[in-house]
Amino acid sequence: MKRILSLLPAATEMVFALGCGGQLVGRSHECDFPAEVNSLPICTRSRLITQQSSSAINDDVLRTLQEGNSLYQVDYDLIKELKPDVVLTQAQCEVCAISYQEVACELEPLIQNGVKLVSVEVYRLIDLWKQMRNLGKALDAEQQAEEWIDTAHGRISRLLESTTSEATRPRVACIEWFEPLMAAGNWVPELVELAGGENLLGVAGEHSPWMSWEELLSADPDVIVLMPCGFDLGRSRVESTLLTQAGPWSDLRAVSEGRVYLTDGSQFFNRPGPRLVDSIEILAEILHPACFTPEHEGTGWATL
């Protein structure tokens, strides 16, 4: 059995979904699901102070990157001691998690000695199926990958049976950062469409775009879903004051009609792993409350 080190939360969840969780020997500081992973050694840390405001975090990120520094630090000595056969990372976003290039540089001696470095990248839902298959092949769990994909497709198909029969599709704005404003891109627009909504901001398969208040006001969505990157429900509620105290906020249709919702972006929408299927279900509960039992309310989402 291969010894696996995961430096990406989504990849950690994929490993467990494939039934290979027992092969994990280490994790990143952000890998926290399922609960069993919390007993594993932590092999990275963030250089950011994440307890500060959205604006301050954004300023720190920009300053650190402009100075040519990394946002993360790798514990090489610990990783060497853990003797992994496979290390999972990503090359998609140097802000969201430690990057492939940095891991390759830090672990070069281990890679030269046969440690396999695998990049797990998801831009759209089709990439999730692809990465599950690739990981299944790398971990000798190809059958488990196909079984998981079949189950995921079944869950989505059952959801679509309800959403496609709805006469109206709410116009939805998903907001991924509050100051400055950022719309949700990558896989999120697809999730909205599958959940029975019309996505207004952000393009499927493309990085999340910055936007202005004027763009948000012009879109004037029926529903606003807040999913700030890396924040849970409680932190999202605290940070939402950056929006609710802004002058233009009360002019939005979704605000006046009470259709603004908080989500746990950290656990669901920002994490492109197996729980993207749960994220579709969360959106369906929000957008079509008459059709779906609110099974994720209070854990995955809440009304602002």
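Residues numbered from 1 in each chain as written. Predicted model: local features only at pLDDT ≥ 70, side-chain atom pairs only at ≥ 80, totals over all residues. Heavy atoms only, no water.

1. Some details on the overall build of the protein chain
When helices and strands are counted, the protein chain shows 13 helices and twelve strands. For 304 residues, the compact-globule estimate of 2.2 N^0.38 gives 19 Å, and the C-alpha radius of gyration of the protein chain, at 20 Å, lies within 12% of that figure. Considered along the principal axes of its C-alpha atoms, the protein chain spans approximately 60 × 45 × 30 Å. Residue burial in the protein chain is summarised as follows: out of 304 residues, 53% are buried. Contacts in the protein chain between residues far apart in sequence, at least 24 positions, make up 68% of those at least 6 positions apart. For the protein chain, the accessible surface area stands at approximately 13600 Å², while carbon and sulfur atoms represent 49% of it. For the protein chain, the centre of its 23 positive side-chain charges and the centre of its 44 negative side-chain charges are spaced 5 Å apart. (Helix = DSSP H or I, 4+ residues; strand = E, 2+ residues; numbered from the N terminus. Rg over C-alpha atoms; globule rule 2.2 N^0.38 Å. Buried < 20%, exposed > 50% of the residue type's maximum accessible area, 1.4 Å probe, protein only. Contact = heavy atoms within 4.5 Å. Areas by Shrake-Rupley, 256 points an atom, 1.4 Å probe, with all protein chains shown as cover. Lys, Arg positive; Asp, Glu negative; His and termini not counted. Charge placed at Lys NZ, Arg CZ, Asp CG, Glu CD.)

2. A few points about the state of the cysteines
In this structure the tally under the stated criterion is zero disulfides. Looking at the unpaired C174, the closest cysteine sulfur is the one in C229, lying at 14 Å. (Disulfide = S-S within 2.5 Å.)

3. Comments concerning the sheet that holds strand β5 (residues 86-89)
Spatial ordering of the open sheet is given by β2-β1-β5-β6, a layout of four strands whose pairing is parallel. Either end of the sheet is taken by a strand with one partner, and the two such strands are β2 (24-27) and β6 (116-119). Neighbour-to-neighbour, the strand axes of the sheet open up by a mean angle of 20 degrees, direction not taken into account. Bridge analysis of strand β1 (residues 4-6) against β2 gives three bridges, and the strand direction is parallel. Counted as the bridge partner of S6 is R27 from β2. (Pairing = 2+ DSSP bridges. Axes fitted to C-alpha atoms, helices over the stretch in contact; angles between N-to-C directions.)

4. Let's talk about the packing of aromatic side chains
Enumeration according to the criterion identifies three aromatic pairs in this entry. Here W177 and F231 contribute two aromatic rings whose centre-to-centre distance is 5.3 Å and whose plane-to-plane angle is 45 degrees, an arrangement assigned as tilted. With W177 in strand β7 (residues 171-177) and F231 in the loop between β10 (223-226) and α10 (233-239), this residue pair connects regions lying 54 residues apart in the sequence. Just as W177 is buried, F231 falls in that class too. One Lys or Arg, R235, reaches over the ring of F231 and ends 4.2 Å from the middle of that ring. (Phe/Tyr/Trp six-rings, centres within 6.5 Å; stacked < 30°, edge-to-face > 60°. Lys NZ or Arg CZ within 6 Å of the ring centre and 35° of its normal.)

5. Considerations on helix α6 (residues 125-138)
Relative to the 20 Å expected for 14 residues at 1.5 Å per residue, α6 spans 20 Å between its end C-alpha atoms, a close match to the ideal helical length. Residues of α6 that are buried include every one of L125, D127, L128, W129, Q131, M132, L135, G136 and A138, and no others. Count one or two residues on from α6 and you reach D140, which has phi positive near 60 degrees. (Expected span 1.5 Å × (residues − 1).)

Shape descriptors only; they carry no functional weight alone.
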